[in-house]
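Each chain is listed here by its residues.
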Amino acid sequence: MLSISDFSEMCDLPPQTLRYYHAEGLLVPADVDQRTGYRSYTFGQVERAMLITVLRGTGMSVTLVRRALDQPGEALILLRQHVAEVRQQRQTQDEAMRDARELLTSPPEAFLRRVDEMTVASKVVPRPPSGRNPYDWHAADAVVTAAVQDVVKTVESYGAVVAGTSWRTLAAETPEQKSRILAGEGPHWLVKVPVVADEKTLTSLPADIEVETFEPRDELSIFMPGKSSMAKHGTALSRLLAHPLDAAYVDTSRMRHLLHPNGVETATAVYEFREPSAVE
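Attention here is on the structure that accompanies the text. (Residues numbered from 1 in each chain as written. Predicted model: local features only at pLDDT ≥ 70, side-chain atom pairs only at ≥ 80, totals over all residues. Heavy atoms only, no water.)

## Thoughts on the packing of helix α3 (residues 46–57) against helix α4 (residues 62–70)
Working note: a packed helix pair is described by the angle between its axes plus the distance between those axes. Under the convention used in this document: Fitting a line to C-alpha atoms yields each axis, with helices limited to the stretch in contact; the angle taken between N-to-C directions then spans 0 to 180 degrees. Helical segments are the DSSP runs of H or I of at least four residues, strand segments are the runs of E of at least two, and each set is numbered from the N terminus. Roughly parallel refers to an angle under 35 degrees, roughly antiparallel to one over 145, roughly perpendicular to one between 65 and 115, and oblique to any angle outside these ranges. Each crossing gets its hand from how the near helix is turned against the far one by less than a right angle, where anticlockwise is left-handed and clockwise is right-handed. Contacts between residues were defined by any pair of non-hydrogen atoms, one from each residue, lying within 4.5 Å. For this scheme, ten residues count as nonpolar: Ala, Val, Leu, Ile, Met, Phe, Trp, Tyr, Cys and Pro. Four count as charged, namely Asp, Glu, Lys and Arg, and the remainder, Gly too, count as polar.
Between α3 and α4, whose axes approach to 10 Å, the crossing angle comes to 135°. The pairing of α3 with α4 is recorded here as oblique in orientation. Handedness of the α3/α4 crossing: right-handed. When α3 is examined against α4, the residues Arg-48, Leu-51, Ile-52, Leu-55 and Arg-56 are found in contact with a partner set consisting of Val-62, Val-65, Ala-68, Leu-69 and Asp-70. A breakdown of the residues in the contact of α3 with α4 according to their chemical character gives 7 nonpolar, no polar and 3 charged.

Structure follows, in structure tokens:
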């Protein structure tokens, strides 16, 4: 039998960690003196301690390690699932670090620009999968991206050419869409893809793709790096509304979100204040 100090030294596990593993049922001593509480281990338990250390080193929780050791047939499956989760977490952290670096080095600033007339292919975006919050930006981004890819693939298969950055806009362009939005039913978004094509090509597109003319306008725009979130959307809107304009105002009802590979650009129409006509 090995004392807890000897076992600790052999396995490179502090005594307090061994006591914790005992309490969690992960590594139970071979013997515990009922009078003194003195723990003893067998040499054969060194292998289990080694496996515990290796699995814990991957970031596995004590609960998951216990499952892996108690169910050897599922251990490899549990490890693969854990590795996939860790890789996803690392990707998320890498993206967050890139966003943080960009936001700290180049804080987003609103700017004015002129947007020319263009022809766009528009399509309603399906609601996110059932059971998910329709305002979950991650879920919304996924269905919006899929919708854009579908429109691009379709218009190109008909011979049209994509001529600019696609965007999403609130699905509130018709009375029916507005009523569904107000009722919280959705769909919540439309995607717009700028295209160049002849009239014959445009009229031959499938019925679920509507061809529209985007009217020229002045816009106030701001770019937010990384994935969409309510906080980023709120920040963008706050900065747009706070941006000083000379005898003009922003129309937030005509907002669009341009979908760049590295972030989302929020743009809203800008109109000049007009003097009321003189009454004769």
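## Topic: the sheet that holds strand β2 (residues 31–32)
As a reminder of what qualifies: Between any two strands, pairing holds if DSSP finds at least two bridges.
Taking strand neighbours across the sheet as the criterion, the 3 strands line up as β1-β3-β2 in an open arrangement whose pairing is antiparallel. Bordering the open sheet on either side are β1 (2–3) and β2, each of which pairs with just one other strand. Direction of pairing for β1 relative to strand β3 (residues 39–41): antiparallel, over a ladder of 2 bridges. Residue Leu-2 lies in a different strand from β3, and its bridge partner there is Tyr-41.

## What about the nonpolar core?
Here is the rule: Residues enter a nonpolar core if they are buried and are Ala, Val, Leu, Ile, Met, Phe, Trp, Tyr or Cys, with the set joined through side-chain atoms within 4.5 Å. Three exposure classes are used, based on accessible area relative to the maximum for each residue type with a 1.4 Å probe and protein chains only: buried under 20%, partly exposed in between, and exposed over 50%.
Residues Phe-7, Leu-18, Tyr-21, Leu-26, Leu-27, Ile-52 and Val-65 are the most contacted members of the largest nonpolar core, which totals 21 residues. Listing elements by their share of this core, those giving two or more residues are α1 (4–11), α2 (15–23), α3 and α4. Per element, the largest residue contribution to this core is 5 residues, and it comes from α4. What Leu-27 contacts, discounting residues up to four positions off in sequence, is Phe-7, Leu-18, Tyr-21, His-22, Tyr-41, Gln-45, Arg-48, Ala-49 and Ile-52. With 18 residues, the next largest nonpolar core counts Val-125, Ala-140, Ala-160 and Leu-205 among its residues.

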